[in-house]
Amino acid sequence: MGRRKRIRGWRIKEAISAKQHRAKRLGGPSKPDYVRGDVYGEVKHRKKKVTKPEIKKIIQKALRRGASKVEIVSTAGFTKPAQQYVKRYYSEKVKLLRT
């Protein structure tokens, strides 16, 4: 029963983020959580911060699919190395948002 609540929680978070960013919610395996034009959004709803390897994977996948910009939304935030990586290599293309 506890697992169902947690799953429902992240689905709701994805839907809310898509609505806040005026985007269409997609979700599902190997799909971005929301899309607005050529901007892809990924939502991470959990207690641990998003790490640099996760950021790299998300960015690479989105850019391969043709995104011009990427938004990564996290409820827990991002690690310092992840923030530095984005700032150094993708400051114009990637936006890190904490909700």
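Refer to the structure above for everything that follows.
Scoring rules and cut-offs
- Residues numbered from 1 in each chain as written.
- Predicted model: local features only at pLDDT ≥ 70, side-chain atom pairs only at ≥ 80, totals over all residues.
- Heavy atoms only, no water.
- Buried < 20%, exposed > 50% of the residue type's maximum accessible area, 1.4 Å probe, protein only.
- Helix = DSSP H or I, 4+ residues; strand = E, 2+ residues; numbered from the N terminus.
- Pairing = 2+ DSSP bridges.
- Right-handed = clockwise from strand over helix to strand, strands pointing away.
- Core = buried A, V, L, I, M, F, W, Y, C linked by side-chain atoms within 4.5 Å.
- Salt bridge = Lys/Arg side-chain N within 4 Å of Asp/Glu carboxyl O.

1. Quick notes on the pairing of strand β4 (residues 69–74)
Thinking step 1. Among the 6 residues of β4, 5 are classified as buried, and the element is accordingly described as predominantly covered.
Thinking step 2. Two elements, strand β3 (residues 39–44) and β4, share 6 bridges in a ladder whose sense is parallel. Note that in β4 the partner of V39 across the bridge is K69.
Thinking step 3. Crossover β3 to β4 through helix α2 (residues 52–64) is right-handed.
Thinking step 4. Taken together, the 5 bridges between β4 and strand β5 (residues 94–98) define a ladder with parallel strand orientation. Counterpart to V73 in the pairing with β5 is L97.

2. Here's the deal with the nonpolar core
Thinking step 1. Residues I55, I59, I72 and V94 are the most contacted members of the largest nonpolar core, which totals 16 residues.
Thinking step 2. Going through the elements one at a time, α2, β4 and α3 (80–89) are the ones with two or more residues in this core.
Thinking step 3. Here this core takes 4 residues from α2, the largest share from any one element.

3. Concerning the pattern of salt bridges
Thinking step 1. Per the counting criterion, the structure on display carries 3 salt bridges.
Thinking step 2. A salt bridge links E42 to K44, with the nearest nitrogen and oxygen atoms 3.7 Å apart.
Thinking step 3. By relative accessible area, K44 is classed as partly exposed at 22%.
Thinking step 4. A salt bridge links R46 to E54; the shortest N-O distance between them is 2.7 Å.
Thinking step 5. Looking at E54, the relative accessible area reads 24%, which means it is partly exposed.

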